[in-house]
Amino acid sequence: MSLKQFLKSRIFIKHLLLSFAITLGLIVFVLLVLRIYTRHGQAFPVPDVSGMTEEKFSEVLHDAHLKYKVIDSTYNPEIVPGAAVDQIPDAGHKVKRGRVVYLTINTKAPEQVAIPKLTDISYRHAVAQLESVGLLPGKIIYEPSEYQNLVLRARLNGKNISEGEKVAKGTIIDLVLGSGENGGTSILPDLRGMTLSEAVIVLSNSSLNIGTVFYDATIVSHNDSTEAFVYRQHPSPDFSFQITTGAEIDVWLSLDKTKLNTEGVNKKENSDFF
């Protein structure tokens, strides 16, 4: 039988159709298995487990047919120790059953970090060193020294603290700086219109400290205090151009923007302060 005759024969056509049917059947079977295995189209919202301890969130996630894994920890004294403070995916995000929810847990105590080298370096370098390990720069204290703004000592709660000592992450460290041969002066910045956090940064960059903070009646909540702005300061830049380095600047904060437009009144208030 020639090839042409074979290709036209019933047996060849029969086997060809059979092979197509088997191939199609295998494709359909694989697609059905994959659909079942991946639960195609079956996604469910992730429950919100924030604020729950492990005993509770493990039960909630188990009921939602989800797994969990703790990948990080933080410390917040206002949150119950061991409670979840963050989750990935976020609550409400739809995922398939069996997926893993990654959690950040609130620890029972703040993380301890070692004090970095702070002495015999510049103030700016010391601030960078503190921030690199999660510590915060506090008050600037000046003492006589021939080297201006060189860090002489680091202090915590009025006591000297040395390199390598362990403190809680987020601790505020005061720095003792050299005042220079004849002492030092700084240009008094105008803080009016700034938030408290912005004012603290500006004062720190000018080698000055925040003094007493006064809030007016418009501020009734913590959120108000973060959004409030400085409308008055003492000493005032309207009367002083320079000030001794390390000095404290008192500020008055408000949410009332009309207080920023009372420059004449502001001057009178400062002149009547004492």
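Parameters and conventions
- Residues numbered from 1 in each chain as written.
- Predicted model: local features only at pLDDT ≥ 70, side-chain atom pairs only at ≥ 80, totals over all residues.
- Heavy atoms only, no water.
- Helix = DSSP H or I, 4+ residues; strand = E, 2+ residues; numbered from the N terminus.
- Buried < 20%, exposed > 50% of the residue type's maximum accessible area, 1.4 Å probe, protein only.
- Contact = heavy atoms within 4.5 Å.
- Areas by Shrake-Rupley, 256 points an atom, 1.4 Å probe, with all protein chains shown as cover.
- pLDDT = per-residue confidence, 0-100.
- Pairing = 2+ DSSP bridges.
- Axes fitted to C-alpha atoms, helices over the stretch in contact; angles between N-to-C directions.
- 1 Å grid on protein atoms, 1.4 Å probe; cavity = no way out; pocket = protein on both sides within 12 Å on 5 of 7 lines; lining within 4 Å.
- Points joined across faces, edges and corners; volume = space filled by probe spheres on them.
- Polar contact = N/O pair within 3.5 Å; in protein donor to acceptor, adjacent residues only side chain to side chain.
- Salt bridge = Lys/Arg side-chain N within 4 Å of Asp/Glu carboxyl O.
- Core = buried A, V, L, I, M, F, W, Y, C linked by side-chain atoms within 4.5 Å.

A. How the structure looks around the overall build of the protein. Tallying secondary structure elements over the protein gives seven helices and 16 strands in all. Across the 274 residues in the protein, those meeting the buried criterion constitute 30%. Partitioning the intrachain contacts of the protein with sequence separation of at least 6 by distance along the chain shows that 72% fall at a separation of at least 24. Surface accessibility of the protein: about 17500 Å² in total, with carbon and sulfur atoms responsible for 57%.

B. Expanded view of the confidence of the model for the protein. For the protein, the average pLDDT comes to 85, and 89% of its residues sit at 70 or higher. Low pLDDT, under 50, characterises residues 268-274; the stretch is placed with eleven contacts to residues that sit more than four places away or in other chains.

C. Layout of the sheet that holds strand 5 (residues 100-106). Spatial strand order, 2-5-3: three strands in an open sheet with mixed pairing. The outermost strands of the open sheet, each flanked by one partner alone, are strand 2 (67-74) and strand 3 (84-88). Each adjacent strand pair in this sheet contributes to an overall mean axis angle of 25°, direction not counted. Sheet topology note: the strand 2/strand 5 ladder contains seven bridges and is parallel. Bridge pairing in strand 5 links Lys 69 to Tyr 102.

D. Region of the structure containing the sheet that holds strand 13 (residues 209-215). Judged by pairing direction, the sheet is mixed, and its three strands sit side by side in the order 13-16-14 without closing on themselves. Looking along the sheet, the strands with just one partner apiece sit at the ends: strand 13 and strand 14 (229-234). Between one strand axis and the next, the sheet turns by 35° as a mean value, whatever way the strands run. Bridging between strand 14 and strand 16 (residues 248-254) involves five bridges; their strand directions are antiparallel. Across the sheet, the residue bridging to His 234 is Asp 250, located in strand 16. Across the sheet, helix 5 (residues 196-205) is in contact with strand 13, strand 14 and strand 16; its angle to strand 13 comes to roughly 160°.

E. Here's a closer look at the layout of surface pockets. There is about 470 Å³ of room inside the largest pocket. At the level of elements, helix 4 (123-132), strand 7 (136-143), helix 5 and strand 13 are the ones that each hand at least two residues to the lining of the largest pocket.

F. Looking closely at the environment of Thr 218. Relative to the assigned elements, Thr 218 resides in the loop between strand 13 and helix 6 (222-227). Thr 218 sits 37 residues away from Leu 255 along the chain, and the two C-alpha atoms are 5.9 Å apart. The residues contacting Thr 218, other than those within four sequence positions of it, are Asp 224, Ser 254, Leu 255 and Asp 256. There is a polar contact of 3.5 Å between the side chain of Thr 218 and the side chain of Ser 254. A distance of 3.0 Å separates a polar side-chain atom of Thr 218 from the backbone nitrogen of Leu 255.

G. Summary view of the pattern of salt bridges. Scanning all chains against the criterion turns up six salt bridges. One salt bridge in this structure joins Arg 192 and Asp 190, with 2.9 Å as the shortest N-O distance. Through salt bridges with shared partners, one network takes in Asp 190, Arg 192 and Asp 238.

H. Representation of the nonpolar core. Judged by nonpolar contacts, the single largest core of 18 residues is most densely connected at Ile 115, Leu 118, Leu 135, Ile 173, Leu 175 and Leu 177. Residue assignment for this core shows that the elements contributing at least two residues are helix 4, strand 7, strand 8 (151-156) and strand 11 (172-178). Looking at which element gives the most residues to this core, the answer is helix 4, with four residues. What Leu 177 contacts, discounting residues up to four positions off in sequence, is Tyr 123, Ile 140, Ile 141, Tyr 142, Glu 143, Asn 149, Leu 150, Val 151 and Leu 152.

I. Inspection of unusual backbone geometry at higher detail. Residues Ile 88 and Pro 89 are joined by a peptide bond in cis, for which omega reads 0°. Cis rather than trans, the peptide bond between His 234 and Pro 235 has omega equal to 0°. Topologically, Pro 235 is positioned in the loop between strand 14 and strand 15 (242-244). Of note, His 65 is a non-glycine position whose phi angle comes to about 60°, a positive value. Within the secondary structure, His 65 is located in the loop between helix 3 (54-63) and strand 2. Residue class for His 65 comes out partly exposed when judged on its relative accessible area of 44%.

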